[in-house]
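A look at the structure
For reference, the chains in residue letters:
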Amino acid sequence: MAQDGATGSPVLDAEKMLEFASYVRDIRDAAAEDPKELSIRFGLPESLVRESLKVAGTKKDRPERPDRNGFLIAISRFCKGCARALRNRPVVVSALAGLCVATASEIAKRMDQFAGNITLGVTLVIAFALLVSVNLLIGQARYAILTAFVSVLGWMSLSIVFQATGPRFGLGQVIAMIAVTLFLSGLLAMFLAMAAILGAFIRIRRETSEEERQDRLQLLQRIFDLQEKLTTAPTSIVSQSKWQWVESAREKWAIFSACAGLGVGFILLLERIAIGLPMGEQSPQSLAAFGIANFLLMAIVVPMIGFLTRSIANGFLAGLIFATAKGALDLIHSGPITFPDTLIDFGINALFFALVASIGGVAGTIEERAQRNRQLAAADQTTILSEIIRLQKLLQTGSAEIFVMFIDVVKSTKLKAQEDPLKVEASFRAFHDFVGRTVRHYAGSIHSISGDGAVAKFNNASDALEASRALQREIQGFNQVGNRLEQPFRVRIGLHCGQVHGELDQVVFTNVVDVAAHIEKYAPPGGIVVTGQIKEHLPDERFAQLDERVDSHPVFIVLDVSS
């Protein structure tokens, strides 16, 4: 170790310091090394070595801090547990909801009016929210009927027990409560059925989204499984459905909706005439009978036309068509048209019918998915075949002709030999940045990057060739600025094009990339080779054909690389 004559301070050898830094970088626990021994080994002051090891050594363990997200994680786990309990025990939850409402109602009677109303109102909201949550999670209409009946039955049963202890309890009250139970069960079941349909629709949308996010390997495996299932399934004969009118109505749902609207309108018109409802005369009994008949018809027909469409959008349109056709017949018996009242009433009715039919469309979508799953599970050959075709179409989404550039560094192993790993990393990172900038400048994009090269894609052959020329032309400038290695970077480039089904970023193992990689090896350092397909897209360029054929493709070398 030399000393500075003016100050007497030791003069540090830069090469030894860098060698020491490389040694410390490669060891796992710098704090365990002996500073004195390293000082003698590398010819550096012990104080410098000791200070360097202190900086590079393992850091002291920091005291554990409470997880900031622990509270959120606990809430998430609690919510998941509640959802699991609601889904697994719907009958128990429904009964408890009814019992809680009955208990709250009885407690509210013993409180002042304001506090009692608040208590009963909050309990009703919580019970209804629980029932809706149960049906959202389960997503099956039959559970809507079951949970509605169980909850109302629990409410009424406990109410009867409470009233049995009072003086005013008799058989008439029991009969009235039974009637109220049935009515409330039906009314509540309608709302819960909507929640069940919504839950099933959300589940279907989630399954569809997950299917769309599947990678190509998963889709291919699904297709192969179905193909094997198709060959092993018992041969079935395609028979015509017994319900041909249903299939016909499903295909021509717009015409069916219009006919249904005219039919319902005609029935209601005859009913008005039959019950004797002339203009200006509106008896309460006649209005009640007419209202009940009207409600029953709407409750059956409107959801049915939406169900047949098996689509929420088509169901909405079917409801509008139904309302228009029915409204046309309503005008016959409505007397003179008063604007805008008649138009406003028609708009409200049309919107209501459209919404109800949309719910029916959701139910039809759910039933269609459930039916398809049942038929797949039963190995129905027609359904299996249609599913295979659907998945194949999904794989072919975005099919297009892609122009691929494969670029490789010549003798990269020799280029890295005896070099500092940090310099190798920095140089190849800079090289990849250089390739990426050049490719993007010519409207291309990087598909993948390996240690020694890259794959890029373009929308046409001209951009791919011009980007290749720019890379070969500007590689010398990169060697002067970005390359930290002793040897210069030299590259070979291969171009090929072909049809790719799907996005190239998802289609990793494609023949287009393979051919481009194979022909690249036949290019001289600093050269560009293309296949016959690329040559056909570039009639004005000059090429020379090589003797070799690669993967059955003729190979041509580009003569004007620097132009």
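Residues numbered from 1 in each chain as written. Predicted model: local features only at pLDDT ≥ 70, side-chain atom pairs only at ≥ 80, totals over all residues. Heavy atoms only, no water.

1. Re the environment of L137
Mapped onto the fold, L137 is located in helix α6 (residues 113-138). Since its relative accessible area comes to 31%, L137 is described here as partly exposed. If we ignore the near neighbours within four places in the chain, the residues touching L137 are A83, L86, R87 and R203. (Helix = DSSP H or I, 4+ residues; strand = E, 2+ residues; numbered from the N terminus. Buried < 20%, exposed > 50% of the residue type's maximum accessible area, 1.4 Å probe, protein only. Contact = heavy atoms within 4.5 Å.)

2. Overview of the pattern of salt bridges
The tally for this structure, following the rule as stated, stands at eight salt bridges. Between E520 and R492 there is a salt bridge, with its nearest N and O atoms 3.3 Å apart. Taken together, the residues E520 in helix α19 (residues 511-520) and R492 in strand β6 (residues 491-500) connect sequence positions 28 residues apart. Pair check on accessibility: E520 and R492 agree, each one buried. Between D560 and R542 there is a salt bridge, with the nearest N and O atoms lying 2.8 Å from each other. Placement of D560 in the segment after β9 (553-558) and of R542 in the loop between α20 (532-537) and β8 (543-550) is noted, with a sequence separation of 18 residues between them. Several salt bridges share partner residues, and in doing so they unite E106, K109 and R110 into one network. (Salt bridge = Lys/Arg side-chain N within 4 Å of Asp/Glu carboxyl O.)

3. Details of the pairing of β6
The buried fraction of β6 amounts to nine of the ten residues, a majority that puts the element mostly inside the structure. One ladder, built from three bridges, connects β6 with strand β7 (residues 528-531); its direction is parallel. Opposite L495, over in β7, you have V530 as the bridge partner. (Pairing = 2+ DSSP bridges.)

4. Focus: the nonpolar core
Ranked by size, the top nonpolar core spans 37 residues in total, and within it F431, F458, F489 and L495 carry the most contacts. Those elements that place two or more of their residues in this core are β3 (400-409), α17 (421-441), β5 (453-458), α18 (461-481), β6, β7 and β9. Among the elements that take part in this core, α18 stands out by supplying eight residues, more than any other. In this structure, F431 is in contact with I407, V409, I475, F478, F489 and V491, ignoring residues within four places of it in sequence. In this structure, V301, F322, A323 and F353 belong to the second largest nonpolar core, which totals 13 residues. (Core = buried A, V, L, I, M, F, W, Y, C linked by side-chain atoms within 4.5 Å.)

5. Examining helix α2 (residues 35-42)
Every α-helix winds through 3.6 residues per turn, so residues three or four apart in the chain are directed the same way. For α2, every residue scored as buried is listed here: P35, L38, S39 and F42. Buried residues of α2, viewed axially, fall in a sector of 105°; they line one side. Pointing more than 90 degrees away from the buried face of α2 are the exposed residues K36, E37, I40 and R41. (Arc of directions from axis to C-beta.)

6. As for the side chain of S358
As for its placement among the helices and strands, S358 is situated in helix α14 (residues 341-377). Excluding its chain neighbours within four sequence positions, the residues that come into contact with S358 are I312, G315 and F316.

7. Some thoughts on unusual backbone geometry
The phi angle at R310 is positive, at roughly 55°, despite the residue not being glycine. Located in the positive-phi region is A443, a residue other than glycine, with phi close to 65°.

8. Description of a positive patch on the surface
There is a patch of like positive charges on the surface, built from R77, K80, R84 and R87. Within the secondary structure, R84 is located in helix α4 (residues 70-88). Judged by its relative accessible area of 45%, R84 falls in the partly exposed class. (Patch = residues over 30% accessible without salt bridge, like charges linked within 9 Å, V, L, I, M, F, W, Y side chains within 5 Å. Areas by Shrake-Rupley, 256 points an atom, 1.4 Å probe, with all protein chains shown as cover. Lys, Arg positive; Asp, Glu negative; His and termini not counted. Charge placed at Lys NZ, Arg CZ, Asp CG, Glu CD.)

9. Observations concerning the packing of aromatic side chains
A full pass over the atoms with the stated rule returns eight aromatic pairs. With a centroid separation of 5.4 Å and an interplanar angle of 85°, the aromatic rings of F322 and F353 are classed as edge-to-face. Remark: F353 occurs in helix α14 and F322 occurs in helix α13 (residues 312-334); sequence separation between them is 31 residues. Summarising the burial analysis for this pair, F322 and F353 share the class buried. One aromatic cluster is present, built from ring pairs that chain together F428, F431, F434, F478 and F489. Note that K416 overlies the ring of F428, its terminal NZ or CZ placed 4.9 Å from the centroid. (Phe/Tyr/Trp six-rings, centres within 6.5 Å; stacked < 30°, edge-to-face > 60°. Lys NZ or Arg CZ within 6 Å of the ring centre and 35° of its normal.)

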